[in-house]
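# Fold and geometry: a report
So you can see what is in the structure, the chains are spelled out below.
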Amino acid sequence: MSESNLVARSDVDEEQVSGAEVIAQALKTQHVEYMFGIVGIPVTEIAVAAQKMGIRYVGMRNEQAACYAASAIGYLTGRPGVCLVVSGPGLIHALGGMANANMNCWPLIVIGGSSERSQETMGAFQEFPQAVRSSTYGRPGACYVDIPADFVNLQANVNSIKFMECCLPPPVSMAEPSAVCAAASVIRHAKKPLLIIGKGAAYAHAEEGIRKLVEQCGLPFLPTPMGKGVIPDNHPNCVGAARSRALQFADVIVLFGARLNWILHFGLPPRYQPHVKFIQVDICAEELGNNVKPAVTLLGDINAITKQLLEQFDKTPWQYPPESSWWRTLREKMKSNEAASKELASQKSPTMNYYTVFYHVQEQLPRDCFVVSEGANTMDIGRTVLQNYLPRHRLDAGTFGTMGVGLGFAIAAALVAKDRNPGQRVICVEGDSAFGFSGMEVETICRYNLPIILLVVNNNGIYQGFDADSWKELLKFGDATVVAPPVCLLPNSHYEQVMTAFGGKGYFVQTPEELQKSLRESLADTTKPSLINIMIKPQATRKTQDFHWLTRSNM
C-alpha cells in the first residue's frame, strides 16, 4: 500500500465525532424530523448538530410551549418530536408538556442537558435529579433522556460508535375473534346505538374503516373534541349537535379510542342510562373497564379491530333502520340546538357574542385548515360551531384540560402544513386568558413566518370580565388587588399589537363586518401571519346546557 493511501486510511480511522453529533445522528436514524427548544449550556451544540443533520430546529420562547409543540408533532406525524431543554429550570418548565403528552397519549422525546458527571451531587450549575421514562409500543407517551454536559462535547473515534437502526413500526395487535363476534352481536341488537370516535382513532389512522362501518351499518356517531374530522363533521350521521341527548339515552355505545374520563362524564348516570352497554376498543389494557364494566372489550390496534368488525358485517350484512325513533329523536334535538345557536349568532347588539364570532369565522374557514383552540367558552362553543373535515386537523386542550397549549400546537401544525401541504393554513382560536399563557410565541411565529392566523376572542377576563367603563367604576372602590374579581383581565387589551411588534399583521375588531373583512384579508395574505383581536360582550356565555360540564355522578 502506498504511503499516501496509508495516510488517507489513518485519517478515516481517526476521524472524530462529538457527543452532540452522535445524538443528532441517532435522532435522524430514528426518522425524527423536528426539534423545539431553548438552547443554553450545555445543549446548544446539540441543536447545531441537529440542524447540520437536516433536523428542523425551532427556537421557542418558553420550554413549556416547546414541549407542547414537540408533542403535537408526535400526534400529527406519528414520529416523536423532540423538545431540547437545559437542566434544572429548563426541565421543570418542560414537565407540563410531558404530562400533557402522557395524558393525551402522544409520542414525545425530551432531551435535557445536565451537569458534568464528575460534578453530580456537588451542587453543580442547574443540577437537578432527573428520571428517565421511556415509551415504545402500545400507548404512546413522553420519554426523557438525560445528557451530561461533558458528553455533549466529548470527542470519540467515529468507528467506535455503534448506531442502532431505525426501530420497527409498532406491532399491530388484533382483538380476540370471539370478542369481535360478541361486539358485532351487541351492536346488531341495539335499540339506540352510538359510536364515539376519540383521538385514539385519529392517531391510529382508522378513518377509512370507521367511516365504512358508519355508512355500511347506518350508525350515528359522536366525535370527541380531537376525534373531530376522523369522519367529517358535516356527515349526515354525525350527531355532535345533539351530544347530551345521544349520550343520555343510547343503550349501546362503542368507544373507538375514547376514554370514559371526565370528558365523557365517566360513563355514569345521570349523563348515561344506568344499564347502557359499552364496547371498548383501546390499545391499552389498563384502560379497559375503568369506571364502568364494559359489555365487550376489544384490546388492540383500533384500525385493525375496525377491519375485524367490518368482516363480521360483511359476512352477515346488517343496517340500523334509518327511520327509527332513535334517529328521529336525535335529528329533532340537532335541529332545535342548531336553531338556538343560530338565534344567538344573529342577535343584534353593539358587541358580539361567541356564537356571532364563530358563525362568521366558520363561513370563511378553508376546509383543509388545521383548527387549534383553547380557552373556556371559546373552546367549548367553538367545538360545536367550527367544523373539521379531515382527521388529525383539530388540536385543543385535550385530556389534561391544559391551557397554554394553543400557540405551541399551532406552531407544530404550521410546520407540518408548510412541509407537507404548502398553502394549508392554521387557524388558532384563543380565549384572551389562554393567549396570555404563551403570547410571546408570536415572535416565534413571525421569526419563522408560519402560516398561522390567531383569533383572540376577547371578553376581558377568565370566563367573564368587565367593560372599560365598569372597570373604572370598580376601581373607585379601592385597589384592584382588593376589589377586582379574580377572573378579570385588563379591558380592551390590544393583543394585536403584539403581532405587529414583530412584523405580522394585527387587527382590532368590534363588529361582524370588521371581523369578516380582517379574516378575509388574513386568509388572502399568505406572506405574513396575523392576529385578529375580537372584542365580544364581557358577560357573554354559552347557551343553556342540560348538564354542567363536570357532571357529578349520582351513583
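To start, this report covers the structure provided alongside it. (Residues numbered from 1 in each chain as written. Predicted model: local features only at pLDDT ≥ 70, side-chain atom pairs only at ≥ 80, totals over all residues. Heavy atoms only, no water.)

### Topic: the overall build of the protein
Basically, it comes down to this: Strands are runs of DSSP state E lasting at least 2 residues, helices are runs of H or I lasting at least 4, and numbering of each runs from the N terminus. Each radius of gyration reported is based on C-alpha atoms, and the globular scaling rule is 2.2 Å times the count of residues to the power 0.38. For every residue, the accessible area obtained with a 1.4 Å probe (protein chains only) is divided by the maximum for its type, and the residue is called buried under 20%, exposed over 50%, and partly exposed between those limits. Contact criterion: two residues are considered in contact whenever any of their non-hydrogen atoms come within 4.5 Å of each other. Method for areas: the Shrake-Rupley scheme with a 1.4 Å probe, in which residue coverage is limited to the protein chains shown. For this count, His and the chain ends are skipped, Lys and Arg are scored as positive, and Asp and Glu as negative. Where a charge lies is defined by one atom per residue type, namely NZ (Lys), CZ (Arg), CG (Asp) and CD (Glu).
Tallying secondary structure elements over the protein gives 21 helices and 18 strands in all. The C-alpha atoms of the protein give a radius of gyration of 26 Å, which matches the 24 Å a tight globule of 555 residues would have. For the protein, the C-alpha atoms occupy an extent of roughly 90 × 70 × 45 Å along the three principal directions. A total of 555 residues make up the protein; the buried ones form 53% of that total. Considering only residue pairs separated by 6 or more positions, the protein has 76% of its internal contacts joining residues 24 or more positions apart. Accessible surface, the protein: about 24500 Å² in total, of which carbon and sulfur atoms supply 56%. Where the 49 positive side-chain charges of the protein centre and where its 51 negative ones centre are 10 Å apart.

### A short note on the packing of helix α12 (residues 325-345) against helix α13 (residues 354-364)
When two helices pack together, their arrangement is given by the angle between the helix axes and by the axis-to-axis distance. Basically, it comes down to this: In this analysis, axes come from line fits to C-alpha atoms, helices being fitted only over the stretch in contact, and the angle between any two N-to-C directions falls in the range 0 to 180 degrees. In what follows, roughly perpendicular refers to angles from 65 to 115 degrees, roughly parallel to angles under 35, roughly antiparallel to angles over 145, and oblique to any angle outside these ranges. Each residue is assigned to one of three groups, with Ala, Val, Leu, Ile, Met, Phe, Trp, Tyr, Cys and Pro labelled nonpolar, Asp, Glu, Lys and Arg labelled charged, and all others, Gly among them, labelled polar.
The N-to-C vectors of α12 and α13 enclose an angle of 100°; their axes lie 7 Å apart at closest approach. By the criterion of interaxial angle, the relationship of α12 to α13 is roughly perpendicular. When α12 is examined against α13, the residues E338, S341, K342, L344 and A345 are found in contact with a partner set consisting of Y355, T356 and Y359. In terms of residue class, the contact of α12 with α13 is built from four nonpolar, two polar and two charged.

### Focus on the sheet that holds strand β13 (residues 370-374)
Where we set the bar: In this scheme, strands are said to pair when DSSP sees at least two bridges between them.
Across the sheet, six strands lie side by side as β14-β13-β15-β16-β18-β17; this open sheet has parallel pairing. Each edge of the sheet is formed by a strand with only one pairing partner; in this case those strands are β14 (394-395) and β17 (505-509). Note: β13 against strand β15 (residues 426-431), five bridges, orientation parallel. Along β15, the bridge assignment pairs F370 with V426.

### With respect to the nonpolar core
The test is simple: By nonpolar core we mean a set of buried residues, namely Ala, Val, Leu, Ile, Met, Phe, Trp, Tyr and Cys, connected to one another through side-chain atoms within 4.5 Å.
Within the largest apolar cluster, 111 residues are counted, with the highest numbers of intra-cluster contacts made by F36, F256, L298, I452 and L454. Of all hydrophobic cores here, the second largest spans 28 residues; its members include Y355, V457, L515 and I532.

### As for the sheet that holds strand β9 (residues 221-223)
Within the open sheet, the five strands sit side by side as β9-β8-β10-β11-β12. Their pairing is parallel. What marks the edges here is a single partner per strand, and that holds for β9 and β12 (296-299). Across the sheet, the axes of successive neighbouring strands diverge by a mean angle of 15°, strand direction being ignored. Lying on the sheet, helix α9 (residues 207-217) is in contact with β8 (193-197), β9 and β10 (252-256); it crosses β8 at an angle near 165°.

### Comments concerning the side chain of T224
Structurally, the position occupied by T224 is in the loop between β9 and α10 (243-249). The exposure class assigned to T224 is buried, which follows from its relative accessible area of 11%. In contact with T224, not counting residues within four places along its chain, are I196, I197, G198, K199, A258 and L264.

### Some thoughts on unusual backbone geometry
As a rule of thumb, non-glycine residues mostly have phi less than zero, and peptide bonds are mostly trans rather than cis. Between I41 and the following residue, P42, the backbone shows a cis peptide bond with an omega angle of 10°. Locating P42 in the fold gives a position in the loop between β2 (34-37) and α3 (44-52). The step from P269 to P270 runs through a cis peptide bond, and the omega angle for that step is 10°. Note that P270 resides in the loop between β10 and β11 (277-282). The phi angle at N449 is positive, at roughly 50°, despite the residue not being glycine. Position of N449 relative to the elements: it lies in the loop between α17 (441-447) and β16 (452-458). The phi torsion at N460 lies on the positive side, around 65°, for a residue other than glycine. For N460, a relative accessible area of 2% corresponds to the buried category.

### Structural notes on the state of the cysteines
When the sulfur atoms of two cysteines share a covalent bond, that bond is a disulfide. Formally: In what follows, a disulfide is any cysteine sulfur pair within 2.5 Å.
A full pass over the atoms with the stated rule returns zero disulfides. Left unpaired, C284 is separated from the closest cysteine sulfur, that of C105, by 7.4 Å. Overall, C284 belongs to the buried group, its relative accessible area being 10%. The thiol sulfur of C428 is not disulfide-bonded, and the nearest other cysteine sulfur, from C369, lies at 12 Å.

### Describing the environment of E63
What counts is decided by this rule: Pairing of N or O atoms within 3.5 Å defines a polar contact, subject to two protein rules: one partner must be a possible hydrogen donor and the other a possible acceptor, and residues neighboring in sequence count only if both atoms are side-chain atoms.
For E63, the location among the structural elements is in helix α4 (residues 63-77). In this structure the C-alpha to C-alpha distance between E63 and T44, which are 19 residues apart in sequence, comes to 14 Å. With sequence-adjacent residues up to four places away left out, E63 is seen in contact with I38, C83, V85, G90, H93 and A94. At a separation of 2.8 Å, a polar atom in the side chain of E63 contacts the side chain of H93.

### So, the side chain of D432
Inspection of the secondary structure assignment puts D432 in helix α16 (residues 432-437). Sequence-distant contacts of D432, defined by excluding residues within four places in its chain, comprise V456, V457, N458, N459, N460, G461, L489 and Y495.

### Structural notes on α12
Selection rule: The span one expects for a helix is its residue count, reduced by one, times 1.5 Å. Regarding the arc, it is the one traced by the directions from the helix axis to the C-beta atoms.
Here α12 spans 30 Å end to end across 21 residues, near enough to the 30 Å set by a 1.5 Å rise per residue. Turning to α12, its buried residues number three or more, namely W326, W327, L330, K333, M334, N337, S341, L344 and A345. Summarising the axial view, the buried residues of α12 lie within an arc of 135°, below the 170-degree limit, and thus occupy one face. Residues E332, K335, K342 and E343 are exposed on α12 and point more than 90 degrees away from its buried face.

### Section: the packing of aromatic side chains
Operational definition: Note on aromatic contacts: the rings of Phe and Tyr and the six-membered ring of Trp form a pair at centre separations within 6.5 Å, being stacked when their planes are under 30 degrees apart, edge-to-face when over 60 apart, and tilted otherwise.
Per the stated rule, a full pass over the model turns up six aromatic pairs. Relative to F409, the ring of W106 has its centre 5.4 Å away and its plane inclined at 50°; by these criteria the two rings are tilted. Of this pair, W106 sits in the loop between α5 (89-104) and β5 (108-114) while F409 sits in helix α15 (residues 406-420); the two residues are 303 residues apart in sequence, bridging distant segments of the chain. Residue W106 shares its accessibility class with F409, and that shared class is buried. Aromatic ring contacts, followed pair by pair, group Y68, Y75, W106 and F409 into a single cluster.

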